[in-house]
Amino acid sequence: MTSIESTAFAGLEKEKRLLNATFKGPTGKPGYFGFRGDFALEFQQQLADEARPPEYKLEQILAVAKEGAGKIEILAGYLHDFAYFEAFKKVVLPLLSPEGAYFIFVNNVDLLAKYTITVDGVTFTILPCDESTVWKEVNDFCGLDKNDYKKLDAGGKLQFVLDKLVEARETFETLSLADALSRAEPVKNRNENRPV
């Protein structure tokens, strides 16, 4: 049975960076462990024992790692502000590999924008996400609907959808990180159009 201690998630778990997990366990694919939830990227300063939410997070993560590999193989997640990518680089980039598949959905990029960027040899697909969820966006990107995997358990669904995401991956306009960050727009208020 695959355990978190033998995967790339172990260090994040030890640093208490794995938050709001809706799934954390083996995916059913031999040797694979999955995670759905958030990564804390930057912690707020804490006084005594008070628990404060992190300053920045990579949210709505869908990720799988292979036992003993030391790297996260496939990851999709949401950044509310593209500027958080700098914090993401410090915390998450060392856990990624040039062979992996990584998708970052961002609130404040043009809704028609799709970029490919490479940072320290690791390639990312940057996609817009506004008033949707990473799970829904990934399903749409792959052309999936829930009937494609309804008989699978939570781990099986995660692995199935991420494997399909790798198959659907394509290269978009290639930008440098600095260029991509310079195109970021003002951050949209998530609660703006929500009924009170």
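In what follows, the structure referred to is the one given above.
First, a word on scope: everything that follows refers to the structure included in this document. What you see is a predicted model; the values in this text were computed from it and never measured.

What follows covers the sheet that holds strand 3 (residues 56–66). On the basis of which strands lie adjacent, the open sheet formed by eight strands has the order 1-2-3-4-5-7-6-8 and mixed pairing. The sheet is open, and its two edges are formed by strand 1 (18–26) and strand 8 (173–175), each paired on a single side. Neighbour-to-neighbour, the strand axes of this sheet turn through a mean angle of 20°, independent of strand direction. When strand 3 meets strand 4 (residues 72–79), the two strands line up antiparallel, connected through five bridges. Each bridged residue has a counterpart across the sheet, and for Leu-62 the counterpart in strand 4 is Ala-76. Across the sheet, helix 4 (residues 154–168) is in contact with strand 1, strand 2 (32–42), strand 3, strand 4 and strand 5 (96–106); its angle to strand 3 comes to roughly 90°.

The next thing to look at is the pairing of strand 6 (residues 115–119). Across the five residues that make up strand 6, a large majority, four, are buried. Pairing of strand 6 with strand 7 (residues 122–128) involves five bridges; the strand directions are antiparallel. Within strand 7, the position partnered with Ile-117 by the bridge is Phe-124. In sequence, strand 6 turns back onto strand 7 through a hairpin of two residues, with Asp-120 there showing a positive phi of about 50°. Two elements, strand 6 and strand 8, share three bridges in a ladder whose sense is parallel. Pairing of Tyr-115 across the sheet is with Glu-173, part of strand 8.

Cut-offs applied
Each chain carries its own residue numbering, running from 1 in the written order of its sequence. For a predicted model such as this one, the threshold for reporting local features is a pLDDT of at least 70, and the threshold for listing and counting side-chain atom pairs is 80 or more; totals across whole chains, interfaces and linings nevertheless cover every residue. With hydrogens and water set aside, each side-chain value is computed from the structure's full complement of heavy atoms. Here, a strand pair is defined by DSSP locating no fewer than two bridges between the strands. Put simply, DSSP marks the helices as runs of H or I at least four residues long and the strands as runs of E at least two long, and each gets a number from the N terminus on. Only the stretch in contact is used when fitting a helix axis, every axis being a line fitted to C-alpha atoms; angles between N-to-C directions are given from 0 to 180 degrees. Residues count as neighbours in contact if any of their non-hydrogen atoms are within 4.5 Å of one another. Note on exposure labels: buried denotes an accessible area under 20% of the residue type's maximum, exposed denotes more than 50%, and partly exposed covers the range between, all computed with a 1.4 Å probe on protein chains only.

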